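# Fold and contact review
Each chain, letter by letter, is given below.
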Amino acid sequence: MSIILAFYAIAILAIIGAAYGVFRVFAVRSRVLGAGLAALTLSTLVLLWPIPGHGTFTFLGEMLYRELDRALDRRAREAKQRAKQAFVEQVEARFYGPLNFSVTKRLSDHWYQVLVDGALPAWYETDSRMLWSEWLAFEADASLPSLKAAKARCQGHPPQGHWALISEMENYLLWKAGGHKLLPRAPASTISYLVDENMSMEMPTYSLSRPAANSNRQPTEYRDYVVRCVARGPNAPPGGYVRRDVSLEEWNRYQLSKASN
C-alpha cells in the first residue's frame, strides 16, 4: 500500500513540477500564455500518466474515454428502447376497441359471415378473433397510393376508428386459415403494409392487378385500387398482429405461396 501511495505522490509532484516549469518558461513572454500552457501540460500529463494495476498499466484518459463510450452507448440503447416502445404503442392504437357482431352464416370450421352493427357485412375468423371487411373502393390519383391515404380509408369505414388497414401479417393469417379460398378475390390492385417492430418501421406493400385479356387498357393505366380492412373481435390482441407473431419458416412459406399464385 505504501508503495502505491509513494508512486502517486511522485506522479503528482512530477506533473505539478512539469506544469510549473512550463509556466516559468513562457511567463517571461506572457503570464496568461504561461498559465494556459501550464494548465494544458497539467491536464495532458494527468490523462496520459500511466496508472498501475494488476501487473499492467492503464491511463486515466483511456479510463475516461471508456466511461464516456459506455455512457453514450447506454443513452443510445435507452433512446432506441423508448422509440420502440412508442412504436408499439402506436401499433396498439390502431383500433378504438373490439367490435361486436352477429353471425349470419357458417362458412367453415374457422370462418363465419357476420353483420357488424346489424347491417355491415364482414367475415370473422375464430383462431385470430379478427374481422375482415369487404373490399373497399379506393381512389388513387398516383400510380401507387400512399400508405397514409389507405389507412385513412379504413379508419373512416363505419364504425369509424374500429377498422384499420390490413397488415401483411393479417394477410398471412387469412391465408393460413384458408380465407383466400372463401372470401371474394380482390377486383383490382391492393395495398397493405408490413409492420416491423424490431426496426420500428411500417412499409407499404402492393399487389398489382393485370387488365383482363379483353381489356384495351395498358398495364400502366390500370390504377384502380381496393383495400381490405380488419377489426378486432372480442379478445383479439389490442394491436392486431405483426411480423413477430409468426416463425420465419412459416413466413417464408407464405411468401412462396404468393409468388406461385
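Above this text is the structure in question.
Residues numbered from 1 in each chain as written. Predicted model: local features only at pLDDT ≥ 70, side-chain atom pairs only at ≥ 80, totals over all residues. Heavy atoms only, no water.

### A closer look at helix α5 (residues 168-176)
Let me state the cut-off plainly: A simple rule labels every residue: compare its accessible area, found with a 1.4 Å probe on the protein chains alone, to the largest value its type can have, and call it buried under 20%, exposed over 50%, or partly exposed in between. Think of it this way: any DSSP run of H or I at least four residues long counts as a helix, any run of E at least two long counts as a strand, and we number them from the N terminus.
Summarising burial for α5: eight of the nine residues are buried, a large majority. For α5, the full list of buried residues reads Glu 168, Met 169, Glu 170, Asn 171, Tyr 172, Leu 173, Leu 174 and Trp 175. Just downstream of α5, Gly 178 is the residue with a positive phi angle, here 80 degrees.

### Regarding the sheet that holds strand β10 (residues 201-207)
Which entries qualify depends on this criterion: For two strands to be treated as a pair, DSSP must find at least two bridges joining them. Here an angle of 0 to 180 degrees is reported between the N-to-C directions of two axes, which are lines fitted to C-alpha atoms, with helices fitted over the stretch in contact.
Strand order in this open sheet of four strands is β7-β11-β9-β10, and the pairing throughout is mixed. Of all the strands in the sheet, just β7 (136-138) and β10 have a single pairing partner and so form its edges. The mean angle between the axes of side-by-side strands here comes to 40 degrees, regardless of whether they run parallel or antiparallel.

### What about the packing of aromatic side chains?
Stated formally: Any Phe, Tyr or Trp ring, taking Trp's six-membered ring, that has another such ring centre within 6.5 Å forms a pair; planes under 30 degrees apart are called stacked, those over 60 apart edge-to-face, and the others tilted. The criterion is that NZ of a Lys, or CZ of an Arg, lies within 6 Å of the ring centre and within 35 degrees of the ring normal, and then a charge sits over that ring.
Following the criterion strictly, the structure yields eight aromatic pairs and no others. Relative to Tyr 225, the ring of Tyr 206 has its centre 6.5 Å away and its plane inclined at 80 degrees; by these criteria the two rings are edge-to-face. With Tyr 206 in strand β10 and Tyr 225 in strand β11 (residues 225-227), the pair connects residues that are 19 residues apart, well separated along the chain. Judged by its relative accessible area of 3%, Tyr 225 falls in the buried class. An aromatic cluster of three or more residues is present, and its members are Tyr 172, Trp 175, Trp 251 and Tyr 254. Residue placement shows Arg 228 over the ring face of Trp 135; its charged tip is 4.1 Å from the ring centre.

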